[in-house]
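So you can see what is in the structure, the chains are spelled out below.
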Amino acid sequence: MSGKGSVGQLVQRAHFGLELDNRAEPDFPQAGVELKVTGVTEGHDGVWRVKERLVLSIIDYHAITEESFEGSSFIRKNAVLLIIFYLYESGVSAEKMRFLLAGYWELLKRDIRQIQRDWQVIANKVRDGRAHELSEADTLYLSAAVKGQGHGKDMRSQPYSSEPAKQRAFSLKPAYMNSVLRELLRQAEAETLRENKILDGEDDRSVEEVA
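Numbers given for residues are sequential positions, taken from 1 along each chain in its written order. Where local features are concerned, this predicted model is filtered to residues with pLDDT of at least 70; where side-chain atom pairs are given and counted, the filter is 80 or more; whole-chain, interface and lining totals use all residues. Side-chain descriptors were evaluated using all non-hydrogen atoms of the structure, hydrogens and water having been removed beforehand.

Burial classes: relative accessible area under 20% of the type maximum marks a residue as buried, over 50% as exposed, and values in between as partly exposed (1.4 Å probe, protein chains only). Each helix corresponds to a stretch of at least 4 residues labelled H or I by DSSP, and each strand to a stretch of at least 2 residues labelled E; elements are numbered beginning at the N terminus. Considered for burial, the residues of helix 1 (residues 6–15) that qualify are Ser6, Val7, Gly8, Val11 and Gln12. Buried-residue contacts for helix 1 involve strand 1 (34–42), strand 4 (80–87) and strand 5 (98–106). Just downstream of helix 1 lies Gly17, where phi reads positive at about 70°. What makes two residues a contact is simply this: any of their non-hydrogen atoms within 4.5 Å.

Next up, the structure:
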């Protein structure tokens, strides 16, 4: 497997047995969890940072004009994310990439006000017949990122305007994803510390309390 997204495809197919598709529901519908795999790089300072924005789901310009944030297809699909981070290394095949961290991220419980404001900015622009003017600079955390081959090959119709618009996807910006990475790392470190205390006999809670 090679090419952009190949690590995610490998995890989705080989590990979880999921087919590649563009369903409106989460990857694990019964649990309401969407699977996402994303790369991180290690800087000269030894700090991990995400390689790029996290692409979520394609924006349906026609459907979004009829939706509210709470009942939107965006929330139905992406309310809870299982994010798996791997260390991106140039020239290393997908099969040999090293996985670093996995954790759940609940958008409805994390920075919900700003996520909702960003979604609303995008939806309002489409309702104004200006989907062709969408820009990642419009919003803070959740953006409308261009998605596809480019060079005019992924143009889409939009309501309220005859002007075709580039295909775009809801995405979490790199700066926001770095904060997600830091928080999930903090949680993982705290859990490891707690487990070590239990193993070393330093935790005086009962078995029932620990469980």
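This is not the end of the story, as more comes after the structure.
Criterion for a salt bridge: a side-chain nitrogen of Lys or Arg within 4 Å of a carboxyl oxygen of Asp or Glu. Summed over the entire model, instances satisfying the criterion amount to 12 salt bridges. The salt bridge involving Glu52 is made with Lys51; its shortest N-O contact spans 4.0 Å. Take Glu52: its relative accessible area is 29%, and that puts it in the partly exposed class. Lys51 sits in the partly exposed class, given a relative accessible area of 38%. A salt bridge links Glu183 to Arg110; the nearest nitrogen and oxygen atoms lie 3.9 Å apart. Within this pair, whereas Glu183 is found in helix 5 (residues 174–199), its partner Arg110 is found in the loop between strand 5 and helix 4 (112–127), the two being separated by 73 residues in sequence. Look at Arg110 and you get partly exposed, because its relative accessible area is 26%. Through salt bridges with shared partners, a single ionic network connects Glu34, Lys36 and Lys77.

Now for helix 4. Take the number of residues in a helix, subtract one, and multiply by 1.5 Å to get its expected span. With 16 residues, helix 4 extends 22 Å from end C-alpha to end C-alpha; this agrees with the ideal 22 Å at 1.5 Å per step. Those residues of helix 4 that sit buried are Gln114, Ile115, Asp118, Trp119, Ile122, Ala123, Lys125 and Val126. For helix 4, the secondary structure elements touched by its buried residues are helix 2 (61–64), helix 3 (73–78), strand 6 (142–146) and strand 9 (168–172). Just past helix 4, the residue Gly129 takes up positive phi, approximately 75°.

Here, nonpolar core refers to any group of buried Ala, Val, Leu, Ile, Met, Phe, Trp, Tyr and Cys residues whose side-chain atoms link them within 4.5 Å. Core analysis: the largest hydrophobic core is formed by 35 residues, its most contacted members being Phe74, Phe85, Phe170 and Leu172. Once residues within four sequence positions are removed from consideration, Leu172 is found in contact with Arg53, Leu54, Leu56, Leu81, Leu107, Ile115, Tyr141, Leu142 and Met177. Within the second largest apolar cluster, 11 residues are counted, among which are Leu18, Tyr86, Ala94 and Met97.

As a further point, take the side chain of Thr139. Mapped onto the fold, Thr139 is located in the loop between helix 4 and strand 6. On the basis of relative accessibility, which here comes to 9%, the residue Thr139 falls in the buried class. Whenever a nitrogen or oxygen atom comes within 3.5 Å of another N or O atom, the pair is scored as a polar contact, on the condition that within protein one atom can donate a hydrogen and the other can accept it, and that pairs from neighbouring residues in sequence are kept only if both atoms are in side chains. One polar contact links the side chain of Thr139 to the main-chain carbonyl oxygen of Leu142, over a distance of 2.6 Å. Other than its neighbours up to four places away in sequence, Thr139 contacts Asp118, Val121, Ile122 and Lys173.

Once that is clear, we can look at the sheet that holds strand 9. Paired strands, as defined in this entry, are two strands with at least two bridges between them according to DSSP. As summarised here, the arrangement of the 3 strands in space is 3-9-6, forming an open sheet in which the pairing is antiparallel. The open sheet terminates on both sides in strands that have one partner only, identified here as strand 3 (54–58) and strand 6. Sheet twist, expressed as the mean angle between neighbouring strand axes with direction ignored, is 40°. Judged from the 5 bridges that link them, strand 6 and strand 9 form a sheet pairing that is antiparallel. Counterpart to Val146 in the pairing with strand 9 is Arg168. Note on geometry: axes are C-alpha line fits, over the in-contact stretch for helices, and angles between N-to-C directions span 0 to 180 degrees. With respect to the sheet, helix 4 is in contact with strand 6 and strand 9, its orientation differing from that of strand 6 by roughly 40°.

Before going further, it helps to spend a moment on the sheet that holds strand 5. Read across the open sheet, the 4 strands follow the order 2-1-4-5; overall the sheet is mixed. Since the sheet does not close on itself, it has two edges, and those belong to strand 2 (48–50) and strand 5, each with one partner. The mean inter-strand angle of the sheet, taken between neighbouring strand axes irrespective of direction, is 35°. Of the strand pairs in this sheet, strand 4 and strand 5 are connected by 8 bridges, and their pairing is antiparallel. Each residue of the ladder has a partner; that of Phe85, found in strand 5, is Leu101. Relative to strand 1, helix 1 is tilted by about 140°, and along the sheet it contacts strand 1, strand 4 and strand 5.

Remember that the coordinates give geometry; whether it matters functionally is a separate question.
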